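Coordinate analysis (summary)
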Amino acid sequence: MGFTMGLNMLLLLAMVATNLLSLYHLSSTLQSRPPAPPPVPDHLLRQLHTIRATINHLTRLNHPTPAATTAKPTKSPTPSDLLIYTHLSPIASACHLHPDLLHAYMTYSPFSLCPPDPNNIAETLILRGCHPLPRRRCFSLSPQKPQSSLSSHPFSPLPKMWTQKYPNLGFDMESEKDKFVAYKTDLDLPTSQLFRIARNSGFSIRLGLDVGGGTGTFAARMKVDMNATVVTTTMNWGAPYNEAVAARGLVPVHVPLQQRLPVFDGVLDLVRCGRAVNRWIPLAAMEFLFYDVDRVLRGGGYLWLDRFFSKGVDLDRVYGPLIGKLGYKKVKWAVANKSDSSRVKNGEVYLTALLQKPFSK
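Residues numbered from 1 in each chain as written. Predicted model: local features only at pLDDT ≥ 70, side-chain atom pairs only at ≥ 80, totals over all residues. Heavy atoms only, no water.

So, on to the pairing of strand β7 (residues 297-311). The side chains of a regular strand alternate between the sheet's two faces. Taken across its 15 residues, β7 has 12 buried, putting it largely inside the fold. Examined bridge by bridge, strand β6 (residues 268-273) and β7 share 5 bridges and lie parallel to one another. In the strand pairing of β7, Cys-273 is matched with Leu-305. The pairing of β7 with strand β9 (residues 348-356) spans 8 bridges and is classified as antiparallel. Of the residues in β9, the one forming a bridge with Lys-311 is Glu-348. (Buried < 20%, exposed > 50% of the residue type's maximum accessible area, 1.4 Å probe, protein only. Helix = DSSP H or I, 4+ residues; strand = E, 2+ residues; numbered from the N terminus. Pairing = 2+ DSSP bridges.)

What follows is the structure, given as structure tokens:
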């Protein structure tokens, strides 16, 4: 009996000692832990949530959902002509294809004068389907001594600086004033004859567009002789054509040939395509141009191809059928050999065609 009580007492003391040691060890461990870190500020938490949401959104865009991957293809794929037009349109659709040119053009000091563009980077980008204008956060350079007044007559002489620097490019008003006046060859179509043709068909020409019109001589002649309003589309490739058109009191529109015409549907009486429209234009772009002309012309309106040049064989096999797709009435169709030396090598010809859009199709 005494032995059993002694053993129980010994076990009780061992248990108490073990518990005391455990409590001591636990308390020392809690005291040795480092202090808790300070709470994360609220603005950092908001930024982290924003970053996480952005990453999740981009992940969903790059990795389609199972429903999207298993979905059946649509029965109406994207039209091929629309895909082609995405490469023709200059509204920034092709800027990613020319990063070096775009970087060079958009490199400048903010809130200062825009740098000059002696290498025509802007024109190069626009012609390649990228329209980066206008530059942001820089100011265009204006002449220090602007002209106090401009002549009201569109055939008044332009500044001698332009005439001397750009000979034979349409800046000499003495030679420009004789254009569109006389009939010398079958390729000519004087404005007086144009209006006579329109009048005989019961049609009036009031509004027109001159595509690739250089310094605006056709618009000037229409204004002086017929009191008609013609807007000139032109580029500044190699010479200040837009400035010259404006200096003559006319309206320049700085757009390339492949851009959708900045005119509403069915509002123009006449569209003239000058020598800028020729066989050097890609066929797809030319087709878009002709159908866009059809869009802006009203019924009875005229499309005038003025000295369109191409190889003679291509005119018969390619461009003639392309023009024929419009279904326009051929009022004038004159073909003649090109007069310069390149005709001999390339077999090129000129075409002057006056086509009238049907009143109804």
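A word on the packing of helix α12 (residues 283-296) against helix α13 (residues 312-324). One way to put it is that α12 packs onto α13 with a least axis distance of 10 Å and a crossing angle of 25 degrees. In terms of orientation, α12 and α13 fall into the roughly parallel class. Here the hand of the crossing between α12 and α13 comes out right-handed. Only Val-318, Tyr-319, Leu-322 and Ile-323 of α13 make contact with α12, whose side of the interface consists of Leu-283, Met-286, Glu-287 and Phe-290. Residue composition of the contact of α12 with α13, grouped by class: 7 nonpolar, no polar and 1 charged. (Axes fitted to C-alpha atoms, helices over the stretch in contact; angles between N-to-C directions. Parallel < 35°, antiparallel > 145°, perpendicular 65-115°, else oblique. Left-handed = near helix turned anticlockwise from the far one by under 90°. Contact = heavy atoms within 4.5 Å. Nonpolar A, V, L, I, M, F, W, Y, C, P; charged D, E, K, R; others polar.)

At their nearest, the axes of helix α9 (residues 191-200) and helix α10 (residues 217-226) sit 10 Å apart, and the two run at 65 degrees to each other. By the angle between their axes, α9 is roughly perpendicular relative to α10. As α9 runs across α10, the sense of the crossing is right-handed. Contact residues: Thr-191, Ser-192, Leu-194 and Phe-195 in α9; Phe-218, Arg-221, Met-222, Asp-225 and Met-226 in α10. Of the residues in the contact of α9 with α10, the class split is 5 nonpolar, 2 polar and 2 charged.

Another aspect to go through is the pairing of strand β4 (residues 229-233). Two strands pair when backbone bridges link them, and strand β3 (residues 207-211) and β4 are joined in this way by 5 bridges, in the parallel orientation. The partner of Asp-210 across the bridge, within β4, is Thr-232. Note that β4 and strand β5 (residues 251-253) share 3 bridges and pair parallel. From the neighbouring strand, Val-231 faces β5, where its bridge partner is Val-251.

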